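Here is what each chain is made of, one letter per residue.
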Amino acid sequence: MSLLHYDLCVVGAGSGGIGAALAAARAGLSVLLLEKSDTLGGNAVRGGVHNWEPGVGGTDFAFEIYQRLRAIPGAVAITRTTRHCCAPLPGLPTYPGGEALPDPAATYLDTLQRHSAHEYSLVEKFGAMTPWRAVVFEPEAYSRVVAEMLAETGRCSVRFNTAFREVRVRDGHVESLILDNGDEVRAKFFVDSTADAKLCQAAGCELMRGQEGRDTFNEPDAPAQPSAKINAVTLIYRIMPRAHAAIDPLPPDVPAQCWWQASFPFSANFGYPNGDLNINMLPTMQGEEFLRLGYAAAYAECRRRVLAHWHFLQTHPDFPEFQRYTIHWIAPALGVRETVRVVGESILTQHDIAAGISRQTDPDLIALADHAMDRHGEGGGCVELKQPYGVPYRCLLPRGVDNLLVACRGASFSSISASSCRLSRTMLALGHAAGTACALAQKHTLPLRQVPVEELRQRLRAQNAELDWPRPPTAMKRLDEK
Ligand SMILES: Cc1cc2nc3c(=O)[nH]c(=O)nc-3n(C[C@H](O)[C@H](O)[C@H](O)COP(=O)(O)OP(=O)(O)OC[C@H]3O[C@@H](n4cnc5c(N)ncnc54)[C@H](O)[C@@H]3O)c2cc1C
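Reading guide: rules and limits
Residues numbered from 1 in each chain as written. Predicted model: local features only at pLDDT ≥ 70, side-chain atom pairs only at ≥ 80, totals over all residues. Helix = DSSP H or I, 4+ residues; strand = E, 2+ residues; numbered from the N terminus. Rg over C-alpha atoms; globule rule 2.2 N^0.38 Å. Contact = placed C-beta atoms within 7 Å. Near = placed C-beta within 6 Å. Nonpolar A, V, L, I, M, F, W, Y, C, P; charged D, E, K, R; others polar. Domains from an automatic or database assignment. Buried ≥ 20, exposed ≤ 12 C-beta atoms within 10 Å, placed from the backbone. Axes fitted to C-alpha atoms, helices over the stretch in contact; angles between N-to-C directions. Left-handed = near helix turned anticlockwise from the far one by under 90°. Arc of directions from axis to C-beta. Parallel < 35°, antiparallel > 145°, perpendicular 65-115°, else oblique. Core = buried A, V, L, I, M, F, W, Y, C linked by C-beta atoms within 7 Å. Pairing = 2+ DSSP bridges.

S.K.: Hey, could you go over the overall build of the protein for me, with residue numbers and the actual values?
M.R.: When helices and strands are tallied, the protein shows 13 helices and 23 strands. Taking 23 Å as the expected radius of gyration for a compact globule of 482 residues, we find that the protein reaches 22 Å, a close match to that expectation. A separation of at least 24 residues holds for 77% of the contacts in the protein among residues at least 6 apart in sequence.

See the structure below:
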């Protein structure tokens, strides 16, 4: 058993953790990044979310990752929506969801906006006229590029297959983590990027679960009463083309009919540069069922649903095209959109999202987002935004601890705002802010909640984080890759 000392320990190497570790190590801190799986990337790799949906804010680390991926043949592409069930093309059968395929004419800059100042018609939203472009990448290349970026800092150690079994907290200060193997990690600062705020939970921080009732934050779209509902989960799978048409055999224990809801769900299907398709059922399982079953049983059940969904696509008379593909990868991790969220110094709510950047007065906005408020599953809905909103630094500061930040989808968001503020590039940006805040706290010898926020914002801007809207022409010029 060893005693390890670092300036910063980041737990979880998904988008948030990568952003935090990279920012802090580049700023001169010694960083330990702990990851319980064997891969960098979290949901954006093991969960099968190998794409970045359109959105503001992907101008810093995300753009750097994209540029490095571009140097690797077949590692990345920009997609555009080509077919959608809500906007069928004349004379063709309805597509079983949405399809987005690589578009060589599209640029990274095209992917950097989701919101629109006007109401979309369905055709504008989903059809050939859609302004939406997304980034699709090969997961192994993504992990490799991120590993290179972390290694280049010379100050970041990554430990895979490692979780912690205990957190030692004294007087609101996290002193150390005891790892599974008994090693003790002491650090001046800790960042929780486990998605499910596991470090904050273990440190005794206050948490939010399920949907808040309307009384809690007075959010217009909150249910009258609180409920245990959470956003739904999806098990993503990947199919690859083959030369002949065939129907893959359905295992005997998997029914051909949909058994968990009235009919098979639609899916968002996007094309990789090599011609494979990524299939994202919307969704595979309701959030409450996931909570009831627990992770392992939910994964096993979702796997059966994947096989049934694939059989449906291959056997439906309208979609014979799927017989020219075969399933060849099912994500090893469930795509979980929401579990718990931490109560921070500020809580992002629907009011902040509705106000938007033009009316928010918080002095400490450290990231921009503009994804729709998008609740998958029963009683869900998707409300598009008319302008971006900012995320306050205080949403990363769990109440009651002075050297711990939360930079992941479990940050201090109401359930409604979490349905918007959760995209991979947004999590990278939250991590960027968290790692930079730790560096400033070290520089000024201050607790994290006293970090000078204007200096934090200046540093982030200097490192190409997007904090201003409309996007300044200088940023447009930098991002224009052609
Ligand atoms: C089905 C689905 C589809 C989505 N589609 C899109 C999309 O198209 N575009 C988009 O941009 N976003 C999409 N998102 C959202 C986005 O992918 C996630 O919200 C985002 O990746 C979450 O990042 P994170 O850093 O919070 O967590 P994660 O990426 O989940 O990373 C958490 C990491 O922490 C590790 N970990 C957990 N516990 C421990 C522990 N105790 N010790 C050490 N490590 C630990 C995990 O192994 C994991 O690597 C989607 C999400 C889902 C679920």
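The structure having been displayed, the exposition proceeds.
S.K.: So, the site of the ligand: which residues are in play, and what are the values?
M.R.: Contacts to the ligand come from 37 residues, most closely from Gly12, Gly14, Gly42, Gly335 and Cys408. If you list the elements that add at least two residues to the shell around the ligand, you get helix 1 (15–26), strand 3 (51–52), strand 17 (335–336) and helix 11 (424–444). Its residues assigned to classes, the shell around the ligand shows 13 nonpolar, 16 polar and eight charged. Residue assignment places the shell around the ligand across two domains, with domain 1 (3–51 + 141–226 + 340–479) and domain 2 (233–336) each supplying three or more.

S.K.: Run through the environment of Leu29, naming residues and quoting values.
M.R.: Looking at where Leu29 falls in the secondary structure, it is placed in the loop between helix 1 and strand 2 (31–34). Looking at Leu29, the number of C-beta atoms within 10 Å reads 24, which means it is buried. Put simply, Leu29 and Ser417 are 388 residues apart on the chain and 32 Å apart in space, counted from C-alpha to C-alpha. Aside from chain neighbours lying at most four places away, what touches Leu29 is Asp7, Leu8, Ala24, Arg155, Cys438, Ala439 and Gln442.

S.K.: Mind laying out the packing of helix 2 (residues 61–70) against helix 4 (residues 139–152), listing which residues take part and the relevant values?
M.R.: Relative to each other, helix 2 and helix 4 sit at 115°, their axes nearing to 10 Å. Seen from above, helix 2 lies across helix 4 with right-handed handedness. Residues Ile65, Arg68 and Leu69 of helix 2 lie in contact with helix 4, whose contacting residues are Ala141, Tyr142, Val145 and Val146. Its residues assigned to classes, the contact of helix 2 with helix 4 comprises six nonpolar, no polar and one charged.

S.K.: An account of unusual backbone geometry is needed here, citing residue identities and associated values.
M.R.: In this model, Leu282 is joined to Pro283 through a cis peptide bond whose omega is -5°. Within the secondary structure, Pro283 is located in the loop between strand 15 (277–281) and helix 7 (287–293). Although it is not a glycine, Asn161 adopts a positive phi angle of roughly 50°. Relative to the assigned elements, Asn161 resides in the loop between strand 7 (156–159) and strand 8 (164–170). Its 12 C-beta neighbours within 10 Å are what place Asn161 among the exposed residues. Even without glycine at this site, Thr445 takes up a positive phi of about 50°. Relative to the elements of secondary structure, Thr445 occurs in the loop between helix 11 and helix 12 (453–462).

S.K.: Describe the domain arrangement of the protein, and please don't skip the residues or the numbers.
M.R.: Taken domain by domain, the protein consists of domain 1 (3–51 + 141–226 + 340–479) and domain 2 (233–336). The residue makeup of the side of domain 1 that touches domain 2, split by class, is one nonpolar, seven polar and two charged.

S.K.: Just give me the short version of helix 12, but keep the residues and values in it.
M.R.: What helix 12 keeps buried is the set Leu456, Arg457 and Leu460. Within helix 12, the buried residues cover an arc of 95° as seen down the axis, which keeps them to one side. Those residues of helix 12 that are exposed and aimed more than 90 degrees away from the buried face are Glu454, Gln458 and Ala462. Elements that come into contact with the buried residues of helix 12 comprise strand 19 (365–369) and helix 11. Looking at the residues trailing helix 12, positive phi occurs at Asn464, about 75°.

S.K.: Outline the packing of helix 11 against helix 12, supporting the account with residue identities and numerical values.
M.R.: Closest axis-to-axis distance for the helix 11/helix 12 pair is 10 Å, and the angle between their directions is 125°. Taken as axis vectors, helix 11 and helix 12 run oblique relative to one another. Crossing of helix 11 over helix 12 shows right-handed handedness. Between helix 11, through His432, Ala433, Thr436, Ala437 and Leu440, and helix 12, the contact on the second element is made entirely by Glu455, Leu456, Arg459 and Leu460.

S.K.: Now, about the nonpolar core: what can you tell me, with residues and values included?
M.R.: Leu8, Cys9, Ala21, Ala24, Val31, Leu396 and Ala433 are the most contacted members of the largest nonpolar core, which totals 137 residues. Sort the elements by how many residues they give to this core and helix 11 lands first, with ten residues. Both domains that furnish three or more residues to this core are identified here as domain 1 (3–51 + 141–226 + 340–479) and domain 2 (233–336). Non-local contacts of Ala433, meaning those with residues more than four positions away in its chain, are made with Ile366, Ala367, Tyr393, Leu396, Leu456 and Leu460.

S.K.: Can you break down the sheet that holds strand 6 (residues 133–137) residue by residue, with the values?
M.R.: Spatially, the eight strands line up as an open sheet ordered 3-6-4-5-14-15-13-16, and their pairing is mixed. Every interior strand has two partners, whereas the edge strands, strand 3 and strand 16 (325–330), have only one.

S.K.: How would you explain the pairing of strand 4 (residues 76–84) if you had to name every residue and give the values?
M.R.: Taken across its nine residues, strand 4 has eight buried, putting it largely inside the fold. Pairing of strand 4 with strand 6 involves five bridges; the strand directions are antiparallel. Looking across to strand 6, one finds that Val76 is bridged to Phe137. Relative to strand 5 (residues 97–102), strand 4 runs antiparallel, the two being bridged by five bridges.

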